[in-house]
Amino acid sequence: MARSSADDMELKRSCEAGIMSKEKEREQVVMCMRVAKGRGVWGKAGKIASRHMAKPRVLAVTTKAKGQRTKAFVRVLKYSNGGVLEPAKVYKLKHLSKVEVVPNDPSGCTFLLGFDNLRSQSVSPPQWTMRNKDDRNRLLMCILNMTKEILGAIPKVVGMDIVEMAMWAKENTPVKVTQVTTKDGPIESVLGEADSHVAVEKDLVSQAEEEDIEALLGTYVMAIGEAEAFSERMKRELVALESANVYALMETESVVEEVLEGLEIASICVEDMDEWLGIFNIKLRHMREDIQSIEWRNNRLELQSVSNVALIDELDKLLVFLQIPPEYEASLTGGSGGSFDEGNMVKNIEACDWLTGAIKNLEASNLDPSYVKLRAVREKRAEFVLLKCTFVRRASEFLRNYFPSLIDFMLNDKGNFSQRGQLQRPDHADMRYKCRTYARLLQHIKSLDKSCLAPLRKSYCHSLNLLIRREAREFSNELRAGSKASKSSTPLFEGPANANQPASVTDTSGDAYSKMITVFIPLLVDESSFFAHFMCFDVSALAPSDESDNNNPATEAKGYSSAEMGVLNQCLQELLDGIQEDFYALVDWAFKLDPLSCISMHGITDRYLSGQKAEVAGYVHVLLDDLETRISILFSRFVDDACYQIEKYERNVRQIGVVPYIPRFSQLAARMEQYINGSRDLVDQAYTKIVTIMFVTLEKIAQVEPKYVDIVLLENYAAFQHSLYDLANVVPTLAKYYHQASEAYEQACSRHINLVIYIHFEKLFQFARRIEELMYNMSPEEIPFQVGMSKVDFRKMLKSSLTGLDKTINAMYRKLQKNMTAEELLPSLWEKCKKEFLDKYTTFLKLISKIYPNETVTSVNEMRDILASL
């Protein structure tokens, strides 16, 4: 077996020399061994998965005395280029927290030392591989003994048994025989190697600790010996225990006899008591039977008395149901004093309440089944039903005549209608007050006979329709007659450019429509709501105007059944049918006077449709929707006519300067903005359609003379921006077209300026364009050798282009000025032209500097000065 490196004294001296070369204080090397260093890779669950290539190292365990304390270290030494050991790493033994044998090494010679003061715990610690297990055990035992000796505790050991390590240490401690000189002479002394070290390596478990453990284990020894002997002993103890129990029973025999005697006497007493109780039970049974007989007869008498009283009460109640109170008889039968005048309505309502209750009380569901078959009850029920039919017939006939007479009275009073010079607002408060007198009566008619309501509703609707239609007709006629309106001077797109200047806006026709809507729409809503409640439709409240389906009147109410909704809508149509004609006539009249009044009329109508907080009846909503549609159609007709007039310009002769419809549109837009009253959707749609046609027509007009396309476009787009600057700042739709015109203006300016520049400097920029084309295929140095591109050609081109530069630039200015009718655009256009020319000239000089670097050319600054001086 090869000698262990732990016994290599030369290695130990080399380690001490290497440590002394770096440390000021001397350290004693307790043990040193050659090892192979590897670096593990963390695998799953924090285990070392593999290691890198091993490197030769020396692990040395050293101590250093510092006063009364001793410090221990684990040093790692490596070989330098000359083969000399030098310190590489030092670990303090007090930070050693774990000693782990790597499980992936089947030989068990690889281990790692875990220190708790390492900066990065995510980096796996180095692995140390020994030559064999004995070397590993020797080194680890030295480290463990030293930590216990100096620190008083050992680190955590993983992957090996600490007891086996202690046994290995006891078996493998080498014996050293030394001669000790005494006074008797030299003798041999046998010492373990561990006893010979300066740092004494003690056993992991001391002798005192072993004795304590044996004493502790001794407390659990039962000293029962052999199993058969223990079983015999237990049998003997059981027999002795049973014998003791039998002996105790034998001693208590006299006591048991006394107890049996007492039980015999008690049994005789119980038998006597049972006989006495039997006698008393027979007597009590006879008495109980007598009492039950008496109670039964008494209960029958009491039940008969109670039943008789209850029967009398029930018959009295039944008689109340079967007899007509005398105070209601005249009202129900139509006798003297039984009219439906307003003074008698309180008594009539009370009579109806009684009759309704009496009929309901005599229904089979509300009566005891035994009463239902009584002849008196059946006869009285038939009598009450006949009385009900008579009363309903009389009341219906009265109301059918009452409604027309009430309306006729109002129709005959001219003060209820508008007259010449005086607008009269309809007032139905008195009529509704009189109708409410009979509201309870109508409710009773519905509960008694619902079929009688249809004729009453029809009579009411027909009569009130006549009144409302006449009020609307007279009001509308007076509005038109009282409005002193002349034909509006709405700007159109035909005629001279200075014609049709905007007049002051006085929307008389729109005001007339607003008055008509303001007066009659709330009236119609109130009448529809009053009719629904007065005529007893099953509705709690009419729905708000913001229902999801505003075009369907059926969605305008809550709590309706589909059949009930159909009846209500039909009645409302009969109530309000025909009034729309007066609204249509007013709208048509307003449109003829001033087409732009459609804007204000549309806003008012839309506000009543969408913004009204009051409850709106279904048919009124339909009327408003139809009015809005009619106004939109009329205004669309006006917009289409304006677009047609604009399109006619493209068929005229060539236009010079600004086309007339551009300033006229600004006048029209200014007036349209003044008419807006609420929503501006109608106006924005008109703007979109008219401006689109204007721009399309302008492009067509410009194409008539191709030479002047850009001049016509830039002048007209500039005029559009100038005329609509103020409106575009406040109207988003016009702002969009303002920016569109601005972009078109810039494009037209750019095209026209480029054309003027290329006309006067054509050779210069054609030469530059040819250079750019050649640079795609060859280097700049080769271009001067191409045909027409030599330096001589360049000089000729430069001389012909830049000679008489001031005259050429003046010619450019005159070219821009030619055919321009808008002189105010010329200064800004000339500035753009100079800037564009300088940009192109700068690009030209950059190209020339690459191709003809030594040629003298007028610089950009010189060119800028020349342009500024002209």
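Residues numbered from 1 in each chain as written. Predicted model: local features only at pLDDT ≥ 70, side-chain atom pairs only at ≥ 80, totals over all residues. Heavy atoms only, no water.

Naming follows an unreviewed UniProt entry, where the chain appears as Exocyst complex component Sec3 PIP2-binding N-terminal domain-containing protein of Zizania palustris. Quoted verbatim from the Sequence similarities (unreviewed entry) heading of the UniProt record, the comment on the chain is "Belongs to the SEC3 family." (UniProt positions renumbered as here; feature names shortened; annotations may be inferred.)

### Considering the overall build of the chain
Helix and strand counts for the chain stand at 29 helices and 11 strands. Taken over 870 residues, the chain has a buried fraction of 40%. Accessible surface for the chain amounts to roughly 50,200 Å². Of this, 54% is attributable to carbon and sulfur atoms. (Helix = DSSP H or I, 4+ residues; strand = E, 2+ residues; numbered from the N terminus. Buried < 20%, exposed > 50% of the residue type's maximum accessible area, 1.4 Å probe, protein only. Areas by Shrake-Rupley, 256 points an atom, 1.4 Å probe, with all protein chains shown as cover.)

### What to know about the nonpolar core
Counting residues in hydrophobic clusters, the biggest one holds 172 residues, and the most contacted among them are L441, Y460, F531, F635, F665, F720 and F844. The element contributing the most residues to this core is helix 15 (residues 508-534), with 14 residues. Residues V35, V76, W128 and C142 belong to the second largest nonpolar core, which totals 30 residues. (Core = buried A, V, L, I, M, F, W, Y, C linked by side-chain atoms within 4.5 Å.)

### Some points on the packing of helix 25 (residues 762-774) against helix 26 (residues 791-802)
Packing of helix 25 against helix 26 leaves a shortest axis separation of 8 Å and a crossing angle of 145°. Across from K763, L764 and F767 in helix 25, the residues of helix 26 making contact are F794, M797, L798, S800 and S801. A per-class count over the contact of helix 25 with helix 26 returns five nonpolar, two polar and one charged. (Axes fitted to C-alpha atoms, helices over the stretch in contact; angles between N-to-C directions. Contact = heavy atoms within 4.5 Å. Nonpolar A, V, L, I, M, F, W, Y, C, P; charged D, E, K, R; others polar.)

### A short note on the environment of C833
Structurally, C833 is set in helix 28 (residues 826-851). Assessed through its relative accessible area of 0%, C833 is described here as buried. Each C-alpha atom, one on C833 and one on C749, is 8.9 Å from the other, the two residues being 84 residues apart in sequence. With near-sequence residues (within four places) excluded, C833 lies in contact with I753, I757, M812 and L816.

### Focus on the side chain of T605
Looking at the element boundaries, T605 is found in helix 18 (residues 597-610). Within the structure, the side chain of T605 is placed 2.8 Å from the backbone oxygen of M601, a separation counted as a polar contact. With sequence-adjacent residues up to four places away left out, T605 is seen in contact with Y513, L624, L627, E628 and I631. (Polar contact = N/O pair within 3.5 Å; in protein donor to acceptor, adjacent residues only side chain to side chain.)

### As for the pattern of salt bridges
Within the structure shown, the criterion is met by 16 salt bridges. When the shortest N-O distance is used, the salt bridge between D430 and K434 registers 3.5 Å. A residue pair is termed a helical-turn pair when its members lie 3 or 4 positions apart in one helix, as D430 and K434 do in helix 12 (residues 429-436) at four residues. Across the pair K835 and D839 runs a salt bridge, and its minimum N-O distance is 3.4 Å. Residue K835 and its partner D839 are both found in helix 28; the two are separated by four residues, about one turn of the helix. (Salt bridge = Lys/Arg side-chain N within 4 Å of Asp/Glu carboxyl O.)

### Structural notes on the packing of aromatic side chains
Under the defined criterion, the tally for this structure stands at 29 aromatic pairs. Between the NZ or CZ atom of R457 and the centre of the ring of F537, over which it lies, the distance is 3.9 Å. (Phe/Tyr/Trp six-rings, centres within 6.5 Å; stacked < 30°, edge-to-face > 60°. Lys NZ or Arg CZ within 6 Å of the ring centre and 35° of its normal.)

### Digging into unusual backbone geometry
Even without a glycine there, the phi angle at C536 is positive, about 60°. Accessibility expressed as a relative area gives 8% for C536, which makes it buried.

### Some words on the side chain of Q721
Here Q721 lies in helix 22 (residues 709-723). Residue Q721 is classed as buried on the basis of its relative accessible area, which comes to 13%. Setting aside residues no more than four positions away along its own chain, Q721 makes contact with Y738, A741, S742 and Y745.

### Some thoughts on a positive patch on the surface
On the surface, a cluster of positive charge is contributed by K66, R69, K71, K92 and K94. Inspection of the secondary structure puts K66 in strand 3 (residues 55-66). Residue classification places K66 among the partly exposed positions, given a relative accessible area of 41%. (Patch = residues over 30% accessible without salt bridge, like charges linked within 9 Å, V, L, I, M, F, W, Y side chains within 5 Å. Lys, Arg positive; Asp, Glu negative; His and termini not counted. Charge placed at Lys NZ, Arg CZ, Asp CG, Glu CD.)

### What about a nonpolar patch on the surface?
On the surface, a nonpolar cluster with roughly 450 Å² of combined accessible area is contributed by V255, V256, V259, L260 and L263. With respect to the helices and strands, the residue L260 is situated in helix 7 (residues 253-322). With a relative accessible area of 51%, L260 lands in the exposed category.

### Considering the pairing of strand 6 (residues 96-101)
Residues in a regular strand project their side chains so that they alternate between the two faces of the sheet. One ladder, built from five bridges, connects strand 6 with strand 7 (residues 110-115); its direction is antiparallel. Along strand 7, the bridge assignment pairs L96 with F115. (Pairing = 2+ DSSP bridges.)

### Some remarks on a negative patch on the surface
A cluster of acidic residues, E264, E271, D272, D274 and E275, forms a negative patch at the surface. As for its position among the elements, E271 is in helix 7. The exposed category is assigned to E271, whose relative accessible area is 54%.

### Regarding the pairing of strand 7
In terms of burial, strand 7 is largely enclosed, as six of its six residues are buried. Residue alternation in strand 7 divides its side chains into two sets, T110, L112 and G114 and F111, L113 and F115, and both sets are buried. In terms of strand pairing, strand 7 meets strand 8 (residues 126-129) through three bridges, oriented antiparallel. Directly across from T110, in strand 8, lies its bridge partner T129.

### Comments concerning the environment of S679
Counting through the fold element by element, S679 comes out in the loop between helix 20 (661-675) and helix 21 (681-702). For the pair S679 and H602, spaced 77 residues apart in sequence, the C-alpha separation works out to 8.2 Å. Reaching out from S679, the side chain makes a polar contact with the backbone nitrogen of D681 at a distance of 3.3 Å.

### Description of the packing of helix 15 against helix 18
The interhelical angle for the contact between helix 15 and helix 18, taken along N-to-C directions, is 15°, at an axis separation of 9 Å. When the axis of helix 15 is compared with that of helix 18, the two are roughly parallel. As helix 15 packs across helix 18, the resulting crossing turns out to be right-handed. Every residue of helix 18 that contacts helix 15 at S509, G510, Y513, S514, I517, T518, I521 and P522 is listed here: S597, S600, M601, I604, T605 and Y608. (Parallel < 35°, antiparallel > 145°, perpendicular 65-115°, else oblique. Left-handed = near helix turned anticlockwise from the far one by under 90°.)

### A few points about the confidence of the model for the chain
Averaged over all residues, the pLDDT of the chain equals 78, while 78% of them reach at least 70. Note that residues 42-46 has pLDDT below 50 and, in this model, eight contacts with residues that lie over four places away or in other chains. Overall, residues 497-505 carries pLDDT values under 50, and its contacts beyond four positions in sequence, including any with other chains, amount to 16 contacts. (pLDDT = per-residue confidence, 0-100.)

### Focus on helix 17 (residues 580-593)
Along an α-helix, residues three or four positions apart point the same way, because every turn accommodates 3.6 residues. When the terminal C-alpha atoms of helix 17 are compared, their 20 Å separation across 14 residues agrees well with the 20 Å that a helix rising 1.5 Å per residue should span. Most of helix 17 sits out of view: 10 of its 14 residues are buried. Among the residues making up helix 17, those that are buried are Q580, D582, F583, Y584, L586, V587, W589, A590, F591 and L593. Each element contacted by the buried residues of helix 17 is listed here: helix 14 (453-482), helix 15, helix 16 (562-576), helix 18 and helix 19 (618-647). (Expected span 1.5 Å × (residues − 1).)

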